[in-house]
Amino acid sequence: SDVMDIFISIFGHILSNSLYPVPQRAIGVGSAFEGWSPREEDVEYTVLVPLTPPPGYTFHLEMDTSGQLPGRNFCVHVEPVCTCTVEQEDENMPCFLHHPEEEQRRRNEESNFRDTLCTGSYLDVEKTARWFYQLVRAVWVILPHYHTWKLVLLPSSRSCKFKLTGGRGRFIVEILCGVQHGDSDIYVSSQHTEALFTPSTIWPETYAVAEMKFFSHMALKVPRDSWHLKCLQLLARAVVGRDFSTYMMKTIVMHLLNTLPLSRWGSNHILLQLEESIEYLRCSLLEKRLDHFIVGNQRVPEMISLPLEVQTAEPPNLLYHLAQNSAAHTQAIREYRDL
């Protein structure tokens, strides 16, 4: 995380007086930061970097209602905003909305971010990923880690992904760019989707920050000898190569953590925890339904900030595909028995 903090600090300094989005402090998300990575080697660290619009602009999230992609997806509309009051205090901040000639002058002086990072008036995921690759490549050579770690950029169309190799081992870092929903723990991000084709202006909603905060919150409430992360790690490794995703097992454990008595998570109940998790999976397969943990869950701890529309939405069914495909359901039951 110290590498990412240095990256973001330098990015912020470079971009502070430009017409480009400013990356905010990176947020570690996913299994590696939650403490239950399903892999022993080549641990992948995923970080979400929120982007704030440059002065004179705002990001407006518009929900995609085409129904072509699963889940909740958004476009990030880049809109000029009035900065006349700021302009009076800062002569270097002209209002582009009411003085378009000033914007044209700046556009002639430097490449405008709408030309570089947008398609039309919408922030483009793939262009933003390429921009981040360029920033990482330029900044890496001046970091102190440059002399002790080898950085190899990895191909990825919707994120900035690289491998670091050094004396202490090797790991993979994936940087996802995101835009925050108001001041909540919900973001839209540049993550990959399950669809075969995702338009480059589509930003899926991500709940990774809220889920990470849930695990941090539960760590303070469960017994000190709790094995809930070991339980999840065992389940995640057991389903590698099967039709059950690690995210399904994570969702099950989150539901159980949120409903079972906390005393049941002590180390002397590890077999019971595993049995209850597998039983939850069995019931979910029989009902062909596994509700998303964040979306539409009225029992999410209050310290996790959710937009009202996320709280009140219909919970997505993670087993929707089984309800639509009897052959897939039969295969899932067979996989369960093997498990």
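Everything quoted here is computed from the prediction, not taken from an experiment.

Residues and numbers for the overall build of the chain, please.
Assigned secondary structure in the chain consists of 13 helices and 12 strands. Residues counted as buried form 48% of the 339 residues belonging to the chain. Long-range pairs, those at least 24 residues apart, make up 62% of the contacts in the chain with a sequence separation of at least 6. As displayed, the chain offers around 17200 Å² of accessible surface, 51% of which is attributable to carbon and sulfur atoms.

Tell me about the pattern of salt bridges, and name the residues and values.
Proximity of charged atoms lets side chains of opposite charge pair with each other. All told, the structure shown has 10 salt bridges when counted by the stated rule. As a salt-bridge pair, R264 and E276 come within 2.1 Å of each other at their nearest N and O atoms. Separated by 12 residues along the polypeptide, R264 in the loop between α9 (246–259) and α10 (270–287) and E276 in helix α10 bring together distant segments of the chain. Salt-bridge contacts for R289 lead to E314; the nearest nitrogen and oxygen are separated by 3.9 Å. Placement of the pair is R289 in the loop between α10 and α11 (308–311) and E314 in the loop between α11 and α12 (320–324), with a sequence separation of 25 residues. E314 sits in the exposed class, given a relative accessible area of 65%.

Outline helix α13 (residues 326–338), supporting the account with residue identities and numerical values.
Between the first and last C-alpha of α13 there are 19 Å, a value that for 13 residues agrees with the 18 Å anticipated at 1.5 Å per step. Those residues of α13 that fall on the buried side of the exposure criterion are H329, A332, I333, E335 and Y336. The arc that holds every buried residue of α13, seen down its axis, measures 160 degrees, which confines them to one face. When the buried face of α13 is taken as reference, the exposed residues oriented beyond 90 degrees from it are A327, R337 and D338. The secondary structure elements touched by the buried residues of α13 are α10 and α12. Measuring from the backbone nitrogen of A327 back to the side-chain oxygen at the start of α13 gives 3.0 Å, which picks out N325 as the cap.

Can you tell me about the packing of helix α8 (residues 228–238) against α10, naming the residues and giving the values?
If you want to describe how two helices pack, look at the angle between their axes and the distance between the axes. It is at 10 Å that the axes of α8 and α10 come closest, and there the two elements cross at 50 degrees. On the basis of the axis angle, α8 is oblique to α10. Where α8 crosses over α10, the two elements pack in a sense that is right-handed. Between α8, through H228, C231, L234 and L235, and α10, the contact on the second element is made entirely by I270, Q273, L274, S277 and I278. Residue composition of the contact of α8 with α10, by class: 6 nonpolar, 3 polar and no charged.

So what's going on with the packing of α8 against α9? Residues and values would help.
Contact pair α8 / α9: the axes reach a minimum separation of 9 Å and the direction vectors enclose 150 degrees. When the axes of α8 and α9 are compared, the pair comes out roughly antiparallel. When you trace α8 past α9, the crossing you get is right-handed. Within the contact between the two elements, α8 uses H228, L232, L235 and A236 and α9 uses T246, M249, K250, V253 and L257. Counted by class, the contact of α8 with α9 contains 6 nonpolar, 2 polar and 1 charged residues.

If you had to explain a nonpolar patch on the surface to someone new, which residues and values would you point to?
The grouping of V141, I142 and Y146 at the surface amounts to a nonpolar patch, some 290 Å² of accessible area in total. Within the secondary structure, Y146 sits in the loop between α6 (125–140) and β8 (149–154). By relative accessible area, Y146 is classed as partly exposed at 38%.

Can you explain the environment of M249? Please cite residues and give values.
Following the sequence through the fold, M249 ends up in helix α9. For M249, a relative accessible area of 0% gives the class buried. Here the alpha-carbon distance between M249 and S277, two residues 28 residues apart in the chain, equals 7.9 Å. The contacts of M249, once residues within four sequence positions are left out, are L232, L235, V239 and L281.

Quick one: what's the story with the packing of aromatic side chains, residue by residue and with numbers?
Enumeration according to the criterion identifies 7 aromatic pairs in this entry. Taking 5.4 Å as the distance between ring centres and 65 degrees as the angle between the ring planes, the aromatic pair formed by W149 and F171 counts as edge-to-face. Of this pair, W149 sits in strand β8 while F171 sits in strand β10 (residues 169–180), placing them 22 residues apart in sequence. Taking the relative accessible area as the measure of exposure, W149 reaches 12% and is therefore buried. Here the aromatic cluster, defined as three or more aromatic residues joined through ring pairs, consists of F33, Y45, W149 and F171.

Can you explain the pairing of strand β9 (residues 160–166)? Please cite residues and give values.
Pairing of β8 with β9, which is carried by 6 bridges, proceeds in the antiparallel orientation. Looking at β9, one finds that L151 is bridged to L164. Turn length for the β8-β9 hairpin, with the two strands adjacent in sequence and antiparallel, is 5 residues. The pairing of β9 with β10 spans 7 bridges and is classified as antiparallel. Its bridge partner being in β10, K163 is matched across the sheet by I172. Once β9 ends, the chain turns through 2 residues before running back antiparallel as β10.

Reading the values: the criteria
- Residues numbered from 1 in each chain as written.
- Predicted model: local features only at pLDDT ≥ 70, side-chain atom pairs only at ≥ 80, totals over all residues.
- Heavy atoms only, no water.
- Helix = DSSP H or I, 4+ residues; strand = E, 2+ residues; numbered from the N terminus.
- Buried < 20%, exposed > 50% of the residue type's maximum accessible area, 1.4 Å probe, protein only.
- Contact = heavy atoms within 4.5 Å.
- Areas by Shrake-Rupley, 256 points an atom, 1.4 Å probe, with all protein chains shown as cover.
- Salt bridge = Lys/Arg side-chain N within 4 Å of Asp/Glu carboxyl O.
- Expected span 1.5 Å × (residues − 1).
- Arc of directions from axis to C-beta.
- Polar contact = N/O pair within 3.5 Å; in protein donor to acceptor, adjacent residues only side chain to side chain.
- Axes fitted to C-alpha atoms, helices over the stretch in contact; angles between N-to-C directions.
- Parallel < 35°, antiparallel > 145°, perpendicular 65-115°, else oblique.
- Left-handed = near helix turned anticlockwise from the far one by under 90°.
- Nonpolar A, V, L, I, M, F, W, Y, C, P; charged D, E, K, R; others polar.
- Patch = residues over 30% accessible without salt bridge, like charges linked within 9 Å, V, L, I, M, F, W, Y side chains within 5 Å.
- Phe/Tyr/Trp six-rings, centres within 6.5 Å; stacked < 30°, edge-to-face > 60°.
- Pairing = 2+ DSSP bridges.

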